[in-house]
Amino acid sequence: MRRLLLLAAACGLAACRPAPPPPPPPPPAPPTVTVALAIPRTVTDFDEFVGRLESPQTVELRARVPGYLQQVHFQDGSEVKLGDLLFTIDPRPYQLAIDRLQADLDRARIRASLARSEAARAQRLLESRAIASEEGETRAQALSEAEASIRSAQASLDAARLDLEFTAIRAPIAGRIGQALATPGNLVSATTVLTTLVALDPIYCYAEIDERSSLRYRSFAQPGQAASFGDIPANMGLANEIGYPHAGKLDFVDNAVKPDTGTIRARGVFPNPQRLMAPGLFARLRLPSGTAYPALLVRDHALSSDQGQPYLLVVGPDNKVLYRRVTTGPLEDGLRVIRSGLAPTERVLISGLLAARPGAAVNPQDGPMALPAITAAHP
């Protein structure tokens, strides 16, 4: 009986003992992130300016002789070549002037021939002392006057022929012509602008650059030589274009800085074989600000900022996240230039940055660093 009571008491005590705690949950799996190696490339830093296109040659066509406009020989806005006939002024008055002056020249030549004969006869008579010396001098001076009349008449005839030539107004340069501002039947003179003509190939892009940039461009010259800008490459893009597709060169920087703005005028020259660029258009001008240097390129969104200092997160060999403070440069083909702070062999986080913390383990998955559009351009 006593044994039964002890067994019952032991069972009661066992029933009152608390159950053991459950085992702790397993640690969470490391977050999955995408990593990629930075793209090594030799890059050049650039300065960007806003410019305006101008023609290297702009001509306002005016009549060099007055007269009634007879004919217009071009279509407004068309391309013309050097020497093409553009306008014709009524040539009849100038042809009549030529005919009259030709008659004056013939008359002067006849008078000179007669004076020459009389001067020769007077010379023979002087030798035989048949006439006075004063008479011989008079006939010699008459010959000189007749010969001067020939030269004067010839000069007047040449001027009249030049005026007749000016009645045909031709293109002084090759380029694109504007609207005809005078129509046939109007009286035109030297004050009348008939149209404008601009050369389009090549074309200039003018920009106002700051003082520091101008000094840097002048320093590109070889040591011991005068500053030259003909070898500095330049790139340009229009308002409807992405990037800077037009390649040219910087060929001119002005000789003085404007004291009111602290800028100096610079000019780039660009080929324009398709005549797509026209004077007056705004353009973006890009000029190199230094020599080429090796750098690494990463996606711009992989960068973060810590109190204004850019940094990257990289994955080490043990799959733990590491912090890298870097020095950045401009964008190059959509990727950010990393000048220092990153090793070429380090794997950079390009996605999953919000789930990654420095020192924490991650599950890295390889991905491309180049953007999709850049992959096709740089296989």
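How each quantity is defined
Residues numbered from 1 in each chain as written. Predicted model: local features only at pLDDT ≥ 70, side-chain atom pairs only at ≥ 80, totals over all residues. Heavy atoms only, no water. Pairing = 2+ DSSP bridges. Helix = DSSP H or I, 4+ residues; strand = E, 2+ residues; numbered from the N terminus. Axes fitted to C-alpha atoms, helices over the stretch in contact; angles between N-to-C directions. Salt bridge = Lys/Arg side-chain N within 4 Å of Asp/Glu carboxyl O. Buried < 20%, exposed > 50% of the residue type's maximum accessible area, 1.4 Å probe, protein only. Polar contact = N/O pair within 3.5 Å; in protein donor to acceptor, adjacent residues only side chain to side chain. Contact = heavy atoms within 4.5 Å. Phe/Tyr/Trp six-rings, centres within 6.5 Å; stacked < 30°, edge-to-face > 60°. Lys NZ or Arg CZ within 6 Å of the ring centre and 35° of its normal. Arc of directions from axis to C-beta.

## Quick notes on the sheet that holds strand β21 (residues 327–332)
Here is step 1 of the chain: Within the open sheet, the four strands sit side by side as β2-β17-β22-β21. Their pairing is antiparallel. In the strand order of this sheet, the two ends are held by β2 (39–43) and β21, each with one partner. Ignoring which end each strand starts from, the neighbouring axes of this sheet average 40 degrees apart.
Here is step 2 of the chain: Relative to strand β17 (residues 293–299), β2 runs antiparallel, the two sharing five bridges. Counterpart to Pro40 in the pairing with β17 is Leu296.

## Section: the pattern of salt bridges
Between side chains of opposite charge, pairing is possible as soon as their charged atoms come close.
Here is step 1 of the chain: Enumeration according to the criterion identifies 11 salt bridges in this entry.
Here is step 2 of the chain: Two residues, Arg275 and Glu79, come together in a salt bridge whose shortest N-O distance is 3.7 Å. Of this pair, Arg275 sits in the loop between β15 (263–270) and β16 (282–288) while Glu79 sits in strand β6 (residues 79–80), and the two are 196 residues apart along the sequence.
Here is step 3 of the chain: Arg275 gets classed as partly exposed once you look at its relative accessible area, which sits at 29%.
Here is step 4 of the chain: Residues Asp201 and Arg275 are paired through a salt bridge, measuring 3.7 Å at the closest nitrogen-oxygen approach. Residue Asp201 is located in the loop between β11 (193–198) and β12 (203–210), and its partner Arg275 is located in the loop between β15 and β16; the two are separated by 74 residues in the primary sequence.
Here is step 5 of the chain: A single salt-bridge network, built from bridges that share partners, covers Glu79, Arg176, Asp201 and Arg275.

## A few points about the sheet that holds β6
Here is step 1 of the chain: Read from one edge to the other, the open sheet built from four strands follows the order β4-β11-β9-β6, with strand pairing classed as antiparallel. The open sheet has two free edges, formed respectively by β4 (58–62) and β6, since each of these has just one partner strand.
Here is step 2 of the chain: Across five bridges, β4 lies against β11 in antiparallel orientation. In the strand pairing of β11, Leu61 is matched with Thr195.

## Details of the pairing of β11
Here is step 1 of the chain: Pairing of strand β9 (residues 175–177) with β11 involves two bridges; the strand directions are antiparallel. Among the inter-strand pairings, Ile177 is bridged to a residue of β11, identified as Leu197.

## Overview of the side chain of Arg336
Here is step 1 of the chain: In this structure, Arg336 sits in strand β22 (residues 335–340).
Here is step 2 of the chain: Judged by relative accessible area, which is 19%, Arg336 ranks as buried.
Here is step 3 of the chain: A distance of 3.0 Å separates polar atoms of two side chains, one belonging to Arg336 and the other to Asp300.
Here is step 4 of the chain: In this structure the side chain of Arg336 is engaged in a polar contact, spanning 2.8 Å, whose partner is the backbone oxygen of Gly329.
Here is step 5 of the chain: Beyond its immediate stretch of four places on either side in the chain, Arg336 contacts Leu296, Leu297, Val298, Asp300, Leu303, Thr328, Gly329, Pro330 and Leu331.

## Let's talk about the packing of aromatic side chains
Here is step 1 of the chain: Applying the stated rule across the entire model yields three aromatic pairs.
Here is step 2 of the chain: Ring geometry for Phe74 versus Phe87: centroids 5.2 Å apart, planes at 85 degrees, classification edge-to-face. Remark: Phe87 occurs in strand β7 (residues 85–89) and Phe74 occurs in the loop between β5 (67–72) and β6; sequence separation between them is 13 residues. This pair shows no difference in class: Phe74 is buried, exactly as Phe87 is.
Here is step 3 of the chain: Relative to Tyr206, the ring of Tyr204 lies with its centre 6.0 Å away and its plane at 85 degrees, an arrangement referred to as edge-to-face. Both residues of the pair, Tyr204 and Tyr206, count as buried.
Here is step 4 of the chain: Of note, Arg52 hangs over the ring of Phe282, and the distance from its end group to the ring centre comes to 3.9 Å.
Here is step 5 of the chain: The lysine or arginine in question, Arg267, covers the ring of Tyr204, its NZ or CZ lying 4.2 Å from the ring centre.

## A word on helix α4 (residues 211–218)
Here is step 1 of the chain: Among all positions in α4, only Ser213, Ser214 and Tyr217 are buried. End-on view of α4: buried residues confined to an arc of 100 degrees, all on one side of the axis. Facing away from the buried surface of α4 by more than 90 degrees, the exposed residues are Arg212 and Leu215.
Here is step 2 of the chain: Here the buried face of α4 lies against β3 (46–54), β12, β13 (232–238), β14 (246–253), β15 and β16.

## As for the environment of Gly67
Here is step 1 of the chain: Inspection of the secondary structure puts Gly67 in strand β5.
Here is step 2 of the chain: Gly67 gets classed as buried once you look at its relative accessible area, which sits at 12%.
Here is step 3 of the chain: As for Gly67 and Asp90, which are separated by 23 residues in sequence, their C-alpha atoms are 6.3 Å apart.
Here is step 4 of the chain: If near-sequence neighbours (up to four positions away) are discounted, Gly67 is found in contact with Ile89, Asn186, Leu187 and Val188.

## Some details on unusual backbone geometry
Here is step 1 of the chain: Geometrically, the link from Asp201 to Pro202 is a cis peptide bond, its omega value of 0 degrees lying close to zero.
Here is step 2 of the chain: Locating Pro202 in the fold gives a position in the loop between β11 and β12.
Here is step 3 of the chain: Its identity as a non-glycine residue notwithstanding, Gln307 has a phi of 55 degrees, on the positive side.
Here is step 4 of the chain: Tracing the backbone shows Gln307 in the loop between β18 (304–306) and β19 (309–315).
Here is step 5 of the chain: For Asn319, which is not a glycine, the phi torsion comes out positive at approximately 65 degrees.
Here is step 6 of the chain: Secondary-structure assignment places Asn319 in the loop between β19 and β20 (321–325).
Here is step 7 of the chain: For Asn319, a relative accessible area of 28% gives the class partly exposed.

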